[in-house]
Amino acid sequence: MCKHNRFRSKVAEAFFNKLNKNKNYKAYSAGLLPGRYPLDAMQVKIAKEFGINLKGKPKPVSMDLLIKINTMVIVADNVPIDVFGNKKYGREEYIWNIPDSVNNDADETREIISKIEKRVIEFVGRLKSKKYDYFLDDRQTRRFDRHE
C-alpha cells in the first residue's frame, strides 16, 4: 500500500513476488489515492536495473482487497495508517515509512528501491521463519484478531 500506487508499492509487490518462493503468499499493490498518471519512465527503467518490472496502471485500494488480505504492508510514509485500523478484517499491518521520490532523481530512485528491496528480503525471510517482531524497533505494527 502506498499513496498513489505509482512507485513504492509497485516496487514492493514486484520484489516480493520475485523473491518469495512460498506460493501460499502473493503480493498485491494498491494506492489510497491512485495516481491518474502513467508510471514514471525513469523509475521503470531503474527498477529494471534491479531485475524487477513495474507495470500496469495505478490501482485503488478496494474493499474486496482489504477483506481478502491477511497482511498489509504500508510502504509509504505519507499514508494515514488510521484509515486501515479496522479489527474486523483480522490482518497484520506493517508500516515501513519509505519516503517518496522528491526530486525525481535517478540516484534518489535507486536509494528508495534499495531500501524497499532490503525490507522485502527481510520480510520474506521472516515469513519463512514466522518471525515478525523485527518490525517493532523504529517502525510500527498492529496485529488484529479476525472477527467472523
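Residues numbered from 1 in each chain as written. Predicted model: local features only at pLDDT ≥ 70, side-chain atom pairs only at ≥ 80, totals over all residues. Heavy atoms only, no water.

A. Structural detail: the overall build of the protein. Counting its regular elements, the protein contains 4 helices and 3 strands. In the protein, the order of α-helices and β-strands from amino to carboxyl end is α-α-α-β-β-α-β. In the protein, which comprises 148 residues, the proportion classed as buried is 43%. At a minimum sequence separation of 6, the contacts of the protein that also span at least 24 residues come to 68%. Of the roughly 8,600 Å² of accessible surface on the protein, 50% is carried by carbon and sulfur atoms. (Helix = DSSP H or I, 4+ residues; strand = E, 2+ residues; numbered from the N terminus. Buried < 20%, exposed > 50% of the residue type's maximum accessible area, 1.4 Å probe, protein only. Contact = heavy atoms within 4.5 Å. Areas by Shrake-Rupley, 256 points an atom, 1.4 Å probe, with all protein chains shown as cover.)

B. Summary view of the nonpolar core. Counting 25 residues, the largest nonpolar core has Val11, Leu54, Trp96, Ile116 and Val120 as the members making the most contacts within it. At the level of elements, α1 (8–19), α2 (41–49), β1 (71–76), β2 (92–98) and α4 (106–129) are the ones that each hand at least two residues to this core. For this core, the element with the most residues is α4, which contributes 7 residues. With sequence-adjacent residues up to four places away left out, Val120 is seen in contact with Ala12, Phe15, Phe16, Leu19 and Trp96. Residues Ala30, Leu65, Ile69 and Ile74 belong to the second largest nonpolar core, which totals 12 residues. (Core = buried A, V, L, I, M, F, W, Y, C linked by side-chain atoms within 4.5 Å.)

C. Focus on the environment of Phe7. Residue placement: Phe7 occurs in the segment before α1. Sequence-wise, Phe7 and Ala47 are 40 residues apart; in three dimensions their C-alpha atoms are separated by 9.6 Å. For Phe7, the residues in contact, after removing those within four places along its chain, are Gln43, Leu54, Asp100, Thr109, Ile112 and Ile113.

D. Inspection of the layout of surface pockets at higher detail. Here the largest pocket defines a volume of roughly 560 Å³. Along its surface, the largest pocket is lined by 26 residues, and Lys26, Ala27, Tyr28, Thr71 and Met72 are the ones closest to its centre. Elements that contribute at least two residues to the lining of the largest pocket include exactly α1, α3 (63–68), β1, β2 and α4. Classifying every residue of the lining of the largest pocket by side-chain character gives 17 nonpolar, 5 polar and 4 charged. (1 Å grid on protein atoms, 1.4 Å probe; cavity = no way out; pocket = protein on both sides within 12 Å on 5 of 7 lines; lining within 4 Å. Points joined across faces, edges and corners; volume = space filled by probe spheres on them. Nonpolar A, V, L, I, M, F, W, Y, C, P; charged D, E, K, R; others polar.)

E. Examining the pairing of β1 more closely. Of all 6 residues making up β1, 5 are buried, and the element is well covered by its neighbours. Bridge count for β1 against β2 is 5 bridges, and the pairing is parallel. From the neighbouring strand, Thr71 faces β2, where its bridge partner is Glu92. (Pairing = 2+ DSSP bridges.)

Keep in mind these numbers describe shape, not what the thing actually does.
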